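# Results of the structural survey
Letter by letter, the chains look like this.
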Amino acid sequence: MPTVELRFTPLPAHVRTARLVAVSLARRAGVDEHSLDEVRLAVGEAASRAVGRHAASCPTEPVLVRLTDGGDAFVAEVVDVAGDNDVDHLHDLPGADDDPALDLFGDDLSSGVELAVIGGLVEDLRVAHTSVGTAVTMTWPAVSPVRSPGVSQAAVPGAAFGHTPPSA
Amino acid sequence: MPTVELRFTPLPAHVRTARLVAVSLARRAGVDEHSLDEVRLAVGEAASRAVGRHAASCPTEPVLVRLTDGGDAFVAEVVDVAGDNDVDHLHDLPGADDDPALDLFGDDLSSGVELAVIGGLVEDLRVAHTSVGTAVTMTWPAVSPVRSPGVSQAAVPGAAFGHTPPSA
Amino acid sequence: MDLSLSSRTDGDKTVVEVGGEIDVYTAPKLRERIVELVESGSYNLVIDMERVEFLDSTGLGVLVGGLKRVRAHDGSLRLVCTQDRILKIFRITGLTKVFPIHDSVDDAVAAQS
Amino acid sequence: MDLSLSSRTDGDKTVVEVGGEIDVYTAPKLRERIVELVESGSYNLVIDMERVEFLDSTGLGVLVGGLKRVRAHDGSLRLVCTQDRILKIFRITGLTKVFPIHDSVDDAVAAQS
Ligand SMILES: Nc1ncnc2c1ncn2[C@@H]1O[C@H](COP(=O)(O)OP(=O)(O)O)[C@@H](O)[C@H]1O
Ligand SMILES: Nc1ncnc2c1ncn2[C@@H]1O[C@H](COP(=O)(O)OP(=O)(O)O)[C@@H](O)[C@H]1O
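As the structure is a computational prediction, the values presented were derived from the model and not from experiment. (Residues numbered from 1 in each chain as written. Chains lettered and ligands numbered in written order. Predicted model: local features only at pLDDT ≥ 70, side-chain atom pairs only at ≥ 80, totals over all residues. Heavy atoms only, no water.)

## Side note on the pairing of strand β4 (residues 76-80) of chain C
All names here are of chain C. Extensive coverage of β4 is indicated by the burial of five of its five residues. Burial of the side chains of β4 extends over both faces: Ser76, Arg78 and Val80 are buried on one face and Leu77 and Leu79 on the other. The pairing of strand β3 (residues 44-55) with β4 spans five bridges and is parallel. Across the sheet, the residue bridging to Val46 is Arg78, located in β4. (Buried < 20%, exposed > 50% of the residue type's maximum accessible area, 1.4 Å probe, protein only. Helix = DSSP H or I, 4+ residues; strand = E, 2+ residues; numbered from the N terminus. Pairing = 2+ DSSP bridges.)

Structure below.
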């Protein structure tokens, strides 16, 4: 399956690169225009979270974003290897009260709120916390695949590249 | 040094992704607007060549593009692991005659012309042919670095990720 | 795509017009501006977000930080936003209940502080 | 960004207007069109490249292939291009000497085949 992997130094600027590539590939994979906003925001949140975690505990390790065009689905995986310390939990989304919403946010960079946003955005979501780190896997349906003009995608049987998300 | 690595299934569509990311990072690294056209074309040519070679001899292996913001220079490396069979040579650029220019091109997808184009475009170029494959390394000066607003780049000491180009 | 910021006084409020993307990369710039304004005595802020193209949770965090700051001075922080794609993240995080969100700058400026 | 193609007859020439990016991804589409035209008897082609935003060596290869095809029928393939960023790759590869390159479609159409 056509796959693009992006590995980057944990810097805020590269979160933009991850968004840019994710949206561009999602569009080409046939994710509908409305959902592209979701892809942009969700991949950005997952990448921000990974960058924050790496910057805090392993700043020389790259963050991994793997994007796969699965034909009828587009899959984005964001993998950090920042361990399991301070793993945030999928917050319950805040309800009628004011304060829980505010508590989601630190005074400085946000902490934990990213997964809450992703959880609120993405229907098909898997979050795997292990001792190695976190793998956030988000899937969107691809409806009207834009295929290469005149070049068959099937001609080149690509595959994932033997990288696996951190396992327990 | 802030680094982004892109690994992708050898498909023509992903050459566009490589161009997109290279131009976006080069701009942010401070490569001047005029040279961005060179970055776009040269990285595209190197990636096309790598995709063609992988598609022919190892279609399940990803092509690697590594982009590094070296402060006063932007470096793009395009690495294939398609072996040393049919390695094209840096053509002499065609001169006054008609036919040599035409001979650069096959009737179908181009073959060998990519390196000729890169050679004509990029001043600071290294091409390493080994038994593993080819590493094309292109460097552009970065003049007016656009730095992160309010976030020090120096705060996070990123580094290359321990991948090396194919060695002899 | 980068952040643009401009601020002006309107009535008893300070209106900050924000354009572009408020994300993990640019949010520090917005935080700086808000901190400067509060330190120089502007406690009633209106953040005009009509030209914002993208907002992530780091950007939200800066707005929440701003709200906490002005509240410490009995001030207010009002948002102007009618864009659905931007409002969505406020809804998801429950912050539509925390921030007064107005349809126009005039509306926000006219609001009782 | 994707390739757009339209063709029309003008005098004894067939003018193909190309827009967008001619690269390794879209070049097959352009090749198909040229092959179709030659197979249906259009041997004097004018490729209008004024709206082309990007051209790589695969795109060049398709133009060269087209030239070889029409030559086999004693035809011609003329280009219309005034954009420096596009002309650059023709210069680098020495193809400015192979293709007649015109400043306008009128010019190319008026040229002796
Ligand atoms: N040149 C660039 N460099 C880095 N990131 C970019 C660049 N252009 C766009 N982006 C990011 O990629 C995301 C998608 O942008 P864009 O492709 O412009 O969206 P759209 O195609 O929907 O207008 C945006 O969130 C933006 O932050
Ligand atoms: N959405 C996209 N998906 C894939 N490739 C793209 C996309 N947008 C632009 N590109 C590619 O990236 C390169 C740079 O495009 P772009 O960022 O639009 O340049 P510029 O910023 O100079 O207008 C182009 O050659 C184009 O092929």
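## Quick word on the packing of aromatic side chains
The relation between two aromatic rings is expressed through the spacing of the ring centres and the mutual angle of the planes. Taken as a whole, this structure holds two aromatic pairs over all chains when the rule is applied. Where Phe90 of chain C meets Phe99 of chain C, the ring centres are 6.0 Å apart and the plane angle is 85°; that geometry is what we call edge-to-face. With a relative accessible area of 3%, Phe99 of chain C lands in the buried category. The ring centre of Tyr25 of chain D lies 5.7 Å from the NZ or CZ of Arg28 of chain A, which sits over that ring. (Phe/Tyr/Trp six-rings, centres within 6.5 Å; stacked < 30°, edge-to-face > 60°. Lys NZ or Arg CZ within 6 Å of the ring centre and 35° of its normal.)

## Considering the packing of helix α1 (residues 27-39) of chain C against helix α2 (residues 57-71) of chain C
All names here are of chain C. For the pair α1 and α2, the least separation of the axes is 9 Å and the interaxial angle reads 10°. Classified by the interaxial angle, the pair formed by α1 and α2 is roughly parallel. Of the residues in α2, those in contact with Ala27, Leu30, Arg31, Ile34, Val35 and Val38 of α1 are Thr58, Gly59, Val62, Leu63, Gly66, Arg69 and Val70. Of the residues in the contact of α1 with α2, the class split is eight nonpolar, three polar and two charged. (Axes fitted to C-alpha atoms, helices over the stretch in contact; angles between N-to-C directions. Parallel < 35°, antiparallel > 145°, perpendicular 65-115°, else oblique. Contact = heavy atoms within 4.5 Å. Nonpolar A, V, L, I, M, F, W, Y, C, P; charged D, E, K, R; others polar.)

## Observations regarding the confidence of the model for chain A
Residues and elements named next belong to chain A. With 69% of its residues at a pLDDT of 70 or more, chain A has an overall mean of 80. Scored below 50 in pLDDT, residues 148-160 shows 28 contacts in the model against residues more than four places distant or in partner chains. Residue range residues 162-168 is modelled with pLDDT below 50. Its contacts to residues more than four positions away, or to other chains, number 17 contacts. (pLDDT = per-residue confidence, 0-100.)

## With respect to the site of ligand 2
Around ligand 2, the surrounding shell holds 10 residues, and the nearest of these are Ser24 and Arg28 of chain A, Arg19 and Arg40 of chain B together with Glu21 of chain D. Near ligand 2, residues from chains A, B and D are present, making the site a shared one. A distance of 2.7 Å is found between a nitrogen atom of ligand 2 and a side-chain nitrogen or oxygen belonging to Ser24 of chain A. Measuring from an oxygen atom of ligand 2, one finds a side-chain N or O atom of Arg27 of chain B at 3.2 Å. For ligand 2, whose unbound accessible area comes to 540 Å², protein coverage reaches 70%. Contributions of two or more residues to the shell around ligand 2 are made by α1 (12-29) of chain A together with α1 (12-29) of chain B. Classifying every residue of the shell around ligand 2 by side-chain character gives two nonpolar, one polar and seven charged. (Near = heavy atom within 4 Å. Polar contact = N/O pair within 3.5 Å; in protein donor to acceptor, adjacent residues only side chain to side chain. Areas by Shrake-Rupley, 256 points an atom, 1.4 Å probe, with all protein chains shown as cover.)

## Re the site of ligand 1
Of all residues adjacent to ligand 1, which total 10 residues, the nearest are Arg19 and Arg40 of chain A, Ser24 and Arg28 of chain B together with Glu21 of chain C. More than one chain lines the surroundings of ligand 1; the residues nearby belong to chains A, B and C. Within the side chain of Arg19 of chain A, a nitrogen or oxygen atom sits 2.7 Å from an oxygen atom of ligand 1. In the complex, 71% of the free accessible area of ligand 1, which totals 540 Å², lies under the protein chains. Put simply, the parts of the chain that give the shell around ligand 1 at least two residues each are α1 of chain A together with α1 of chain B. In terms of residue count, α1 of chain A provides more of the shell around ligand 1 than any other element does, four residues in total.

## Re the nonpolar core
The biggest cluster of nonpolar side chains holds 138 residues, and the ones touching the most others in it are Met138 of chain A, Met138 of chain B, Met49 and Phe90 of chain C together with Met49 and Phe90 of chain D. The residues contacting Phe90 of chain C, other than those within four sequence positions of it, are Met49, Leu55, Leu60, Leu63, Leu79, Leu95, Thr96, Phe99 and Ile101 of chain C. (Core = buried A, V, L, I, M, F, W, Y, C linked by side-chain atoms within 4.5 Å.)

## As for the pairing of strand β2 (residues 13-22) of chain C
All names here are of chain C. Where burial is concerned, most of β2 is hidden: nine out of the 10 residues are buried. Sheet analysis places strand β1 (residues 4-10) next to β2, joined by seven bridges and oriented antiparallel. Directly across from Ser4, in β2, lies its bridge partner Gly19. Where β1 hands over to β2, the hairpin turn is made up of two residues, of which Gly11 adopts a positive phi near 65°. The pairing of β2 with β3 spans eight bridges and is parallel. Across the sheet, the residue bridging to Val15 is Val46, located in β3.

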